[in-house]
Amino acid sequence: MIIKSPSTQKEFDDYYDLRWRILRSPWNQPKGSEKDDKEQDAIHLMAVEEGKIIGCGRAHFNSDTEAQIRYMAVETEYQNKGVGKAILLELENKVIEKGAKKIVLNARENVIKFYQKNGYKVVKESHTLFGVIKHYLMVKDIE
Ligand SMILES: CC(C)(COP(=O)(O)OP(=O)(O)OC[C@H]1O[C@@H](n2cnc3c(N)ncnc32)[C@H](O)[C@@H]1OP(=O)(O)O)[C@@H](O)C(=O)NCCC(=O)NCCS
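Within each chain, residue numbers correspond to sequence positions counted from 1 in written order. Given that this is a predicted model, residues contribute local features only at a pLDDT of at least 70 and side-chain atom pairs are listed and counted only at 80 or more, while totals for whole chains, interfaces and linings are drawn from all residues.

Peer 1: Help me get a handle on helix H2 (residues 83–97), residues and values and all.
Peer 2: Helix and strand labels come from DSSP, where a helix needs a run of H or I of at least four residues and a strand needs a run of E of at least two; each type is numbered from the N terminus. To estimate how far a helix should reach, multiply one less than its number of residues by 1.5 Å. Here H2 contains 15 residues, and its C-alpha end-to-end distance of 21 Å stays within 8% of the 21 Å for a straight helix at 1.5 Å per residue. Any residue pair is listed as a contact if its two C-beta atoms, each placed from the backbone, are within 7 Å. Along its buried surface, H2 packs onto strand S1 (2–4), strand S2 (43–49), strand S3 (52–61), strand S4 (66–74), strand S5 (102–108) and helix H3 (112–117). Remark: glycine 99 follows H2 within two positions and exhibits a positive phi of approximately 105 degrees.

Peer 1: Kindly report on the site of the ligand, identifying the contributing residues and their values.
Peer 2: Using the backbone to place each C-beta atom, any residue with that atom within 6 Å of a molecule or strand is considered near it. Taken together, 19 residues are adjacent to the ligand, and Gln79, Gly84, Lys85, Lys113 and Phe114 come closest. Put simply, the parts of the chain that give the shell around the ligand at least two residues each are helix H1 (9–24), S4, H2, S5 and H3. Broken down by class, the residue content of the shell around the ligand amounts to nine nonpolar, five polar and five charged. Note on residue categories: nonpolar means Ala, Val, Leu, Ile, Met, Phe, Trp, Tyr, Cys or Pro, charged means Asp, Glu, Lys or Arg, and polar means any other residue, Gly included.

Peer 1: Hey, could you go over unusual backbone geometry for me, with residue numbers and the actual values?
Peer 2: Residues other than glycine predominantly adopt negative phi, and peptide bonds predominantly adopt the trans conformation. For glutamate 50, which is not a glycine, the phi torsion comes out positive at approximately 45 degrees. In the Ramachandran plot, tyrosine 71 falls in the positive-phi region, its phi being about 60 degrees despite a non-glycine side chain. Tracing the backbone shows tyrosine 71 in strand S4. To sort residues by exposure, count the other C-beta atoms lying within 10 Å of each residue's C-beta; 20 or more gives buried, 12 or fewer gives exposed, and values between give partly exposed, all with C-beta atoms placed from the backbone. Take tyrosine 71: there are 23 C-beta atoms within 10 Å of it, and that puts it in the buried class.

Peer 1: Before we move on, can you summarise the nonpolar core with the specific residues and values?
Peer 2: Within the largest apolar cluster, 27 residues are counted, with the highest numbers of intra-cluster contacts made by Cys56, Ala73, Ile87, Leu91 and Leu105. Among the elements that take part in this core, S4 stands out by supplying six residues, more than any other. Setting aside anything within four residues of it in sequence, one finds leucine 105 in contact with Gln68, Ile69, Arg70, Tyr115, Tyr120 and Met138. Nonpolar cores are built from buried Ala, Val, Leu, Ile, Met, Phe, Trp, Tyr and Cys residues. These are joined into a set through C-beta atoms within 7 Å.

Peer 1: Which residues make up the pairing of strand S6 (residues 121–129), and what values go with them?
Peer 2: Two faces, one strand: in a regular strand the side chains alternate between the faces of the sheet. Of all nine residues in S6, zero are buried, a share of ten percent or less. DSSP calls a pair of strands paired once it identifies at least 2 bridges connecting them. Looking at chain direction, S6 and strand S7 (residues 133–141) are connected through six bridges and run antiparallel. Opposite lysine 124, over in S7, you have leucine 137 as the bridge partner. Here S6 hands over to S7 after three residues, with phenylalanine 130 in that stretch at a positive phi of 55 degrees.

Peer 1: Break down the sheet that holds S1 for me, citing the residues and quoting the values.
Peer 2: Read from one edge of the open sheet, seven strands run S1-S2-S3-S4-S5-S7-S6, paired in mixed fashion. With partners counted over all chains shown, the strands left at the sheet margins are S1 and S6, one partner each. In this sheet, neighbouring strand axes are inclined to one another by 25 degrees on average, regardless of whether the strands run parallel or antiparallel. On top of the sheet, H2 reaches S1, S2, S3, S4 and S5; it is set at about 35 degrees to S3, its chief contact. Interaxial angles span 0 to 180 degrees and are taken between N-to-C directions of axes, which are lines fitted to C-alpha atoms, for helices over the stretch in contact.

Peer 1: For the pairing of S2, give the residues involved together with the corresponding values.
Peer 2: With three bridges joining them, S1 and S2 adopt antiparallel strand pairing. When the sheet's bridge partners are listed, isoleucine 3 is paired in S2 with alanine 47. Strand direction decides the pairing type here: S2 and S3, joined by seven bridges, are antiparallel. Looking at S3, one finds that leucine 45 is bridged to glycine 57. Remark: two residues form the turn of the hairpin made by S2 and S3, two consecutive strands paired antiparallel; glutamate 50 in that turn has positive phi of roughly 45 degrees.

Structure follows, in structure tokens:
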């Protein structure tokens with residue numbers, strides 16, 4: 001498995017498709033709902049195995065020193081094999097290199113443990129997505 005940024009149109013198409021299939025389609029959300037207005041300025045990473053994109057994640061900056069991670073998703077049959085962790089660590093490396101002193105994210109309730117295992121702490125309950133998915137603001141301070 002390698003972790004890299006998507007570069008070709010095909011890679012970006014597959015990257016956004018994975019996001020949509022894992023994070024939006026199960027809640028009947030339309031294509032396009034997997035993107036926001038920060039895509040242009042964000043750091044995009046994907047995990048590739050034998051030419052297939054099996055995981056993805058994104059980071060952007062909220063200020064000079066605060067980065068935010070969004071849209072972490074791993075192909076269902078590849079979950080729990082270290083793919084998500086590898087993407088998260090690489091996103092962290094990239095934002096730290098660019099000056100992040102703090103990383104925030106909004107975690108779905110069912111994956112709080114995944115982020116806790118990677119050094120994030122729950123700050124408070126944040127929003128509820130699609131009326132059902134509770135989210136929690138989590139933070140990791142960089143020394
Ligand atoms: C959440 C997600 C990105 C994690 O990626 P992953 O590749 O499955 O996770 P990893 O295998 O790298 O897990 C790293 C550690 O976190 C744990 N972990 C992963 N997902 C977990 C979960 N849902 N609940 C509890 N622990 C979890 C793993 O057991 C592992 O623990 P270990 O280091 O003690 O062995 C992935 O499971 C996923 O796409 N889930 C569905 C979409 C989603 O909810 N995304 C997050 C939106 S906020």
